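# Summary of the model geometry
The residues making up each chain are set out below.
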Amino acid sequence: MQLPTIFNRVVSKLQRRKMLPPGMRVGSDVHIGDSSRFDWSHGRHITICDGATIAPGVRILCHDASSFQRLRATWVAPVRIGARAFIGTEATIMPGVDIGDDAVVAAGSVVTKDVPAGTIVAGVPAREIGLVADLDRRREEQLRSLPVFRSADYEKDDLPPDLDAQLEAATRNHGGYFLVKP
């Protein structure tokens, strides 16, 4: 995985500020939400591939010390988050798990085994609930019939009153809306 120079500098700054553990591998165009926690002692075993999204509050563990007091040994196994995978808010990824490319892990899930590419998992423990391709088809249908706004217009501190009114109407009349990047 080749990292752009600017991205390397950002990752280096995060590591110096003690936000990412030493040795953790992070691809390009990765989003890491606030309050996410990575197994500090075993960062060298965490790989997050290009384009992945780690939502706020995600936990990634590479070790299980539950037997340490009895066996004087800790299980350590790598975790890989595939390209363009999405890990939902407050999800926990356990040691030894490989999340496939384009997979989706629902918010609050506890992932104890590998997730195949293009699969959606949810629950505690996480179980397959669908395919990303089916979700994308449903979203494409919704995009044709529900309100759509440009994310650049939405992300301003002060929304113009007319846009604010349009967003309120979309929520009231349709239960929500889509934000798109041009």
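Please refer to the structure higher up on the page.
Heads up: these notes are all about the structure in this document. For every chain, the first residue of its written sequence is number 1, and the numbers climb from 1 along that sequence. Per-residue local features are limited, in this predicted model, to residues with pLDDT of at least 70; the limit for side-chain atom pairs, both in listing and counting, is 80 or more; totals at the level of whole chains, interfaces and linings are taken over all residues. The side-chain values count all of the structure's non-hydrogen atoms but skip hydrogen atoms and water molecules.

Take the sheet that holds strand 14 (residues 110-111) next. Sheets are built from strands that pair by backbone hydrogen bonding, the pairs being arranged parallel or antiparallel. One open sheet holds the four strands; their spatial order is 3-6-11-14, and the pairing between them is parallel. Looking at strand neighbours, the two that pair on one side only are strand 3 (37-38) and strand 14, the edges of this open sheet. Of the pairings in the sheet, the one linking strand 3 to strand 6 (residues 59-60) comprises two bridges and is parallel in character. Paired with R37 across the bridge in strand 6 is R59. If DSSP finds at least two bridges between two strands, the strands pair. Under the scheme used here, helices are H or I runs from DSSP no shorter than 4 residues and strands are E runs no shorter than 2 residues, and both carry numbers assigned from the N terminus.

With that out of the way, let us pick up unusual backbone geometry. Following V124, the chain continues to P125 via a peptide bond in cis, the omega torsion being -5 degrees. Among the structural elements, P125 can be located in the loop between strand 15 (119-122) and strand 16 (127-131). Positioned with a positive phi, D29 is a non-glycine residue whose angle comes to about 55 degrees. Of note, D29 is situated in the loop between strand 1 (25-26) and strand 2 (31-32). Positioned with a positive phi, R84 is a non-glycine residue whose angle comes to about 60 degrees.

Here we come to the packing of aromatic side chains. The criterion for an aromatic pair is that two Phe, Tyr or Trp rings (for Trp, the six-membered ring) have centres within 6.5 Å, with stacked assigned to planes under 30 degrees apart, edge-to-face to planes over 60 apart and tilted to the rest. In this structure the tally under the stated criterion is one aromatic pair. For the pair F149 and Y177, a centre-to-centre distance of 5.4 Å together with 85 degrees between the ring planes defines the contact as edge-to-face. Taken together, the positions of F149 in strand 17 (residues 148-150) and Y177 in the loop between helix 5 (161-174) and strand 18 (178-180) put the pair 28 residues apart, joining distant regions of the chain. A simple rule labels every residue: compare its accessible area, found with a 1.4 Å probe on the protein chains alone, to the largest value its type can have, and call it buried under 20%, exposed over 50%, or partly exposed in between. Overall, the relative accessible area of 25% leaves Y177 in the partly exposed class.

Counting through the fold element by element, G43 comes out in the loop between strand 3 and strand 4 (46-48). For G43 and L20, which are 23 residues apart along the polypeptide, the C-alpha to C-alpha distance reads 7.8 Å. Those residues in contact with G43 that sit more than four places away from it in its chain are P21, P22, G23 and M24. Contacts are residue-level and defined by heavy atoms, with any inter-residue pair within 4.5 Å sufficient.

Another point: the pattern of salt bridges. In what follows, salt bridge is the name for a side-chain nitrogen of Lys or Arg lying within 4 Å of a carboxyl oxygen of Asp or Glu. By the definition in use, this model includes five salt bridges. Across the pair R80 and D98 runs a salt bridge, and its minimum N-O distance is 3.2 Å. Remark: D98 occurs in strand 12 (residues 98-99) and R80 occurs in strand 9 (residues 79-81); sequence separation between them is 18 residues. Here R80 ties to D101 by a salt bridge, and the two come within 3.1 Å at their closest N and O atoms. One end of the pair, R80, is in strand 9; the other, D101, is in the loop between strand 12 and strand 13 (104-105), and 21 residues separate them in sequence. For D101, a relative accessible area of 27% puts it in the partly exposed group.

It is worth spelling out the pairing of strand 15 at this point. Successive side chains on a regular strand alternate, one facing one side of the sheet and the next facing the other. Alignment of strand 13 against strand 15, held across two bridges, turns out to be parallel. Counterpart to V105 in the pairing with strand 15 is V121. As judged from the four bridges shared by strand 15 and strand 16, these two strands associate in the antiparallel manner. Among the inter-strand pairings, T119 is bridged to a residue of strand 16, identified as L131.

Our focus in this paragraph is the side chain of T47. Mapping T47 onto the fold places it in strand 4. Polar contacts here mean pairs of N or O atoms no more than 3.5 Å apart (in protein, one a potential hydrogen donor and the other a potential acceptor; neighbouring residues in sequence count only if both atoms are side-chain atoms). Side chain to side chain, T47 and R25 meet in a polar contact 3.1 Å long.

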